[in-house]
Amino acid sequence: MKKSKAFLGYSILALVIYAVVQGMIMGGMIDSYYQNILVTMCINIMLAVSLHIVIGVTGQFSIGHAGFMAVGAYFSAIATMEFGLPFSIAIVIGAIAAGLAGLLVGIPTLRLKGDYLAIATLGFAEIIRIVFVNVDYVGGAAGMAVNQMSNWTYAYLGVIVTILVISNFTNSRHGRGCISVREDEIAADAMGINTTYYKVVAFTIGAIFAGVAGSIFAHNFFIIQPTTFNFLKSFDILILVVLGGLGSLSGSVIAAVFITFISAYLANFTETRMIIYSLVLILVMLYRPTGLMGTKEITQMLKFGKKGGSNV
């Protein structure tokens with residue numbers, strides 16, 4: 001009963017946020033520049049949350065997330081630009097293609113651990129990027145022109161679906177299996193938990209939603225180029241998860257919003273932008289070494305406030 005009431009409350013809140021922002025857009029209070037920032041914010045949230053399930057929930061150090069974003073971006077762009085399919089179908093195609101890529105990468109690599117896994121995922125992401133560089137069908141290194149079809153509605157819906165799926169997965173039996181892998185993989189394996197299976201499942205789900213983010217990204221910036229999805233992009237996504245707090249979905253969302261608006265504000269300071277950006281990150285990590293939220297969720301903090309005591 002409590003869960004259904006909480007779900008209803010969050011649903012109403014999500015609808016109110018959408019209605020308010022959409023009303024401001026239709027009323028001309030939010031211009032195209034700020035609409036672009038909002039869409040970028042939603043893309044960053046999807047990327048952060050989709051990597052959260054791999055690193056924060058399952059404890060696997062992956063730095064190749066930009067590769068799955070690239071697969072979603074290119075396959076959705078091909079669907080709309082070459083085959084004339086609706087954008088909504090193109091998003092699904094991009095998600096499926098990225099999920100298959102995640103499955104293909106996950107099966108052989110997720111038997112590795114730690115630094116070896118990180119290097120392997122980075123290598124696969126670079127392979128994906130180089131493939132797109134050398135395929136003339138998608139424009140090669142010059143990139144592929146894409147019509148703008150993304151908007152606030154598509155981006156916000158993508159965020160809601162991403163958070164709902166990954167949150168429910170985390171709280172499910174499969175999610176608890178992933179958490180056991182994160183806490184102690186050897187002990188989980190000894191208890192009969194198929195650790196490789198859970199790692200591959202989490203990796204594939206993360207890749208699917210990275211593909212959704214890539215699809216919306218591709219149809220928001222008119223052109224996609226392989227250089228956009230290099231290893232630096234993977235590190236940018238990793239920063240969001242670490243900054244938010246490993247193991248905290250709420251933290252990933254908050255960090256994505258924080259970084260998006262910080263980056264947008266610093267766009268006016270072209271010469272010192274990266275210096276200020278780096279200093280902000282350093283200061284946050286110095287004073288919050290576990291991230292903005294640590295391992296806690298907003299829901300836990302709300303319960304803490306109501307009870308007036310600790311959850312521990």
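Not measured: the values here are computed from a predicted model. (Residues numbered from 1 in each chain as written. Predicted model: local features only at pLDDT ≥ 70, side-chain atom pairs only at ≥ 80, totals over all residues. Heavy atoms only, no water.)

1. Side note on the overall build of the chain
What counts, and what does not: To qualify as a helix, a DSSP run of H or I must reach at least 4 residues; to qualify as a strand, a run of E must reach at least 2; elements of each kind are numbered from the N terminus. When accessible area is computed with a 1.4 Å probe and restricted to protein chains, residues below 20% of their type maximum are described as buried, those above 50% as exposed, and intermediate ones as partly exposed. Residue contacts are defined here by distance: any two heavy atoms, one from each residue, within 4.5 Å place the two residues in contact. Each accessible area is a Shrake-Rupley estimate made with a 1.4 Å probe; only the visible protein chains count as cover when residues are assessed. Charged-residue counts in this description rest on Lys and Arg as positive and Asp and Glu as negative, His and the chain ends being excluded. For charged residues, the charge sits on one atom: NZ in Lys, CZ in Arg, CG in Asp, CD in Glu.
Helix and strand content of the chain: 13 helices and 2 strands. Taken along the three principal axes of its C-alpha coordinates, the chain extends 55 × 50 × 45 Å. Across the 312 residues of the chain, 47% fall into the buried class. Here the contacts in the chain between residues at least 6 apart in sequence split such that 79% fall between residues at least 24 apart. As presented, the chain carries roughly 15,800 Å² of accessible surface, and 69% of it is formed by carbon and sulfur atoms. Charge separation in the chain, taken as the distance between the mean sites of 17 positive and 12 negative side-chain charges, equals 17 Å.

2. Section: the environment of Ile 160
Looking at where Ile 160 falls in the secondary structure, it is placed in helix H6 (residues 152-170). Sequence separation of Ile 160 and Cys 42 is 118 residues, and the distance between their C-alpha atoms is 9.5 Å.

3. Some details on the environment of Gly 211
Position of Gly 211 relative to the elements: it lies in helix H9 (residues 195-218). Ignoring anything within four residues of it in the chain, the contact list for Gly 211 reads Phe 68, Gly 72, Gly 94, Ala 95 and Ala 98.

4. Overview of unusual backbone geometry
Within the chain, Phe 222 stands out as a residue other than glycine whose phi angle is a positive 70°. Summarising the element assignment, Phe 222 is placed in the loop between H9 and strand E2 (223-224).

5. Let's talk about the side chain of Ser 50
Put simply, the rule reads: In the analysis that follows, any N or O atom pair within 3.5 Å is treated as a polar contact, provided that within protein one partner can donate a hydrogen and the other can accept it, and provided that, for residues neighboring in sequence, both atoms belong to side chains.
By the element assignment, Ser 50 lies in helix H2 (residues 32-57). From its side chain, Ser 50 meets the backbone oxygen of Leu 47 in a polar contact 2.9 Å long. Side-chain polar atoms of Ser 50 contact the side chain of His 65, separated by 2.9 Å. Setting aside chain neighbours within four positions, we find Ser 50 in contact with His 65, Ile 166, Gly 206, Phe 209 and Ala 210.

6. Quick look at the confidence of the model for the chain
Stated precisely, the cut-off is as follows: The pLDDT value expresses, per residue, how confident the predictor is, ranging between 0 and 100.
On average, residues of the chain score 87 in pLDDT, and 94% of them reach the 70 mark or higher. Confidence drops under pLDDT 50 across residues 304-312; counting only partners more than four residues distant or on other chains, this segment forms 4 contacts.

7. Regarding the packing of aromatic side chains
Rules: A pair of Phe, Tyr and Trp rings is counted when the ring centres sit within 6.5 Å of each other, with Trp represented by its six-membered ring. The angle between the planes then sorts it: under 30 degrees is stacked, over 60 is edge-to-face, the rest tilted.
The tally for this structure, following the rule as stated, stands at 12 aromatic pairs. A centroid spacing of 4.1 Å and a plane angle of 15° characterise the contact between Tyr 74 and Phe 132, whose relative ring orientation is stacked. With Tyr 74 in helix H3 (residues 65-81) and Phe 132 in helix H5 (residues 114-133), this pair connects stretches of sequence that are 58 residues apart. A centroid spacing of 5.8 Å and a plane angle of 70° characterise the contact between Phe 217 and Phe 229, whose relative ring orientation is edge-to-face. One end of the pair, Phe 217, is in helix H9; the other, Phe 229, is in the loop between E2 and helix H10 (231-244), with 12 residues separating them in the sequence. A relative accessible area of 1% means that Phe 229 is categorised as buried.

8. So, the pattern of salt bridges
When the charged atoms of two side chains with opposite charge come close together, those side chains can pair. The following threshold applies: In what follows, salt bridge is the name for a side-chain nitrogen of Lys or Arg lying within 4 Å of a carboxyl oxygen of Asp or Glu.
Applying the stated rule across the entire model yields 3 salt bridges. A salt bridge links Arg 129 to Glu 126; the shortest N-O distance between them is 2.9 Å. Of the two residues, Arg 129 and Glu 126 are both situated in helix H5; the distance of 3 residues between them amounts to about one turn of the helix. Across the pair Glu 185 and Lys 199 runs a salt bridge, and its minimum N-O distance is 3.0 Å. Pair noted here: Glu 185 is in helix H8 (residues 185-190) and Lys 199 is in helix H9, with a separation of 14 residues, a long-range link.

9. A look at the packing of H10 against helix H11 (residues 249-266)
Note the following rule: With axes taken as lines fitted to C-alpha atoms, and helix axes fitted only over the stretch in contact, angles between N-to-C directions fall between 0 and 180 degrees. Oblique is the label for any angle not covered by the other classes, which are roughly parallel (under 35 degrees), roughly antiparallel (over 145) and roughly perpendicular (65 to 115). Handedness of a crossing is defined here by the sense of rotation of the near helix relative to the far one, left-handed for an anticlockwise turn of less than a right angle and right-handed for a clockwise turn. Only Asp, Glu, Lys and Arg are considered charged in this grouping, and only Ala, Val, Leu, Ile, Met, Phe, Trp, Tyr, Cys and Pro are considered nonpolar; every other residue, Gly among them, is considered polar.
Relative to each other, H10 and H11 sit at 120°, their axes nearing to 7 Å. Judged by the angle between their axes, H10 and H11 are oblique. Relative to H11, the crossing made by H10 is right-handed. Touching Leu 240, Val 241, Leu 243 and Gly 244 of H10 are Gly 251, Ser 252, Ala 255, Ala 256, Phe 258 and Ile 259, all from H11. Taken together, the residues of the contact of H10 with H11 break down into 7 nonpolar, 3 polar and no charged.

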